[in-house]
Amino acid sequence: MTEHSVTTPAIFGRVAVLMGGWSAEREISLRSGRAVLAGLQARGVDAYSVDAGRDVLQVLEDGGYDRAFIALHGRGGEDGVIQAGLELLGLPYTGSGVLGSALGMDKLRTKQVWRGAGLPTPEYMELRPETPAADVIAALGTPLIVKPAREGSSIGMSRVTTEAELVAARDAAARYDRDVIAERWIAGEEYTVSLLGDTVLPAIRLETPHTFYDFEAKYESDATRYHCPCGLEGADLDVLDALAAEAFRAVDGAGWGRVDVMRDANGAFWLLEVNTIPGMTDHSLVPMAAAAAGIPFDELVWRILETSLEADA
């Protein structure tokens with residue numbers, strides 16, 4: 001046990017590690033959950049795997065659990081749904097609450113909140129079936145990135161440069177969500193900043209030969225490069241860290257999470273999205289950032305689990 005930890009495993013009681021679920025990110029969630037479970041058990045926590053189906057609340061109630069570590073990604077787990085159910089059960093859980101989870105999962109509403117707070121995020125438009133592609137390109141220019149509003153892991157995302165590509169990308173994204181957005185493409189360096197409680201972990205610069213940091217680049221490719229230290233120093237790094245922390249607070253994020261940011265050729269930072277339950281696989285970024293800060297994986301999951309104690313206070 002590290003010097004940081006002042007709690008003992010017994011204080012957590014019986015812990016359900018929620019994984020799987022029914023979203024498009026189910027397989028990634030299972031990988032995250034298994035890693036979290038192993039890390040907690042290695043620290044002596046009385047933790048158990050719970051593959052979250054539609055009956056998950058009944059399973060939790062029948063299982064006599066004292067708290068939940070949420071390792072669910074995507075809909076049903078990262079969007080406030082499971083958090084609301086756990087609130088009804090009175091079961092403490094890790095990470096953001098109902099509001100922060102719902103906002104963080106919704107890229108459209110996240111951008112609306114950020115713009116309302118005066119934070120920099122690329123210009124965008126909501127794509128409805130009746131929205132003329134020519135009008136979108138006239139307003140935002142090209143290239144564009146098209147995204148379903150409520151999906152993670154870059155699922156359903158496409159880079160487009162023509163009206164025909166825009167229409168096809170909108171249709172592809174709409175298979176995952178009724179709300180689709182087109183966002184101005186930011187050319188430059190991509191960074192991700194992980195947050196753990198009040199601590200901003202070392203930023204990571206992402207480098208991929210793919211058009212963008214897509215699903216394959218995130219989880220399957222060995223060609224993706226992760227630079228930590230990220231290459232920024234001094235005032236530039238301070239600005240990035242502060243922006244990420246402010247962006248996370250703006251959507252009511254809590255406990256732990258990750259904010260993705262682009263830096264353009266002029267050195268300006270642009271907020272892309274927030275992740276309130278980031279991946280915890282062997283390719284994942286939060287464990288990588290924690291390791292750079294000297295926090296091993298079992299300590300990381302322990303400290304995330306500690307965020308659930310705040311509900312006991």
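Because the structure is predicted, anything quoted here is derived from the model rather than measured. (Residues numbered from 1 in each chain as written. Predicted model: local features only at pLDDT ≥ 70, side-chain atom pairs only at ≥ 80, totals over all residues. Heavy atoms only, no water.)

K.L.:
Explain helix H6 (residues 133–140) to me, using residue names and the numbers behind them.
P.N.:
Ala133, Val136 and Leu140 are the residues of H6 that are buried. Each buried residue of H6 sits inside an arc of 60° when the element is viewed along its axis, so together they form one side. Looking at the packing, one finds that the buried side of H6 touches strand S4 (124–127), strand S5 (144–148), helix H7 (163–174) and strand S7 (180–184). Residue Gly141 follows H6 closely and has a positive phi angle near 80°. (Buried < 20%, exposed > 50% of the residue type's maximum accessible area, 1.4 Å probe, protein only. Helix = DSSP H or I, 4+ residues; strand = E, 2+ residues; numbered from the N terminus. Arc of directions from axis to C-beta. Contact = heavy atoms within 4.5 Å.)

K.L.:
How would you sum up the domain arrangement of the protein chain? Please name residues and give values.
P.N.:
According to the domain assignment, the protein chain consists of domain 1 (9–95 + 296–311), domain 2 (104–120 + 188–293) and domain 3 (124–184). Between the C-alpha centres of domain 1 and domain 3 the distance comes to 33 Å. (Domains from an automatic or database assignment.)

K.L.:
Provide a residue-level description of the sheet that holds strand S2 (residues 46–51), including the pertinent values.
P.N.:
Taken in spatial order, the three strands of this open sheet run S2-S1-S3, and their pairing is parallel. If you trace the sheet from one side to the other, it starts and ends with S2 and strand S3 (67–70), each paired once. Strand-to-strand twist in this sheet, taken as the mean axis angle between neighbours without regard to direction, amounts to 30°. Both strand S1 (residues 14–19) and S3 contribute to a ladder of four bridges, which runs parallel. Bridging across to S3, Ala16 finds its partner in Ala68. (Pairing = 2+ DSSP bridges. Axes fitted to C-alpha atoms, helices over the stretch in contact; angles between N-to-C directions.)

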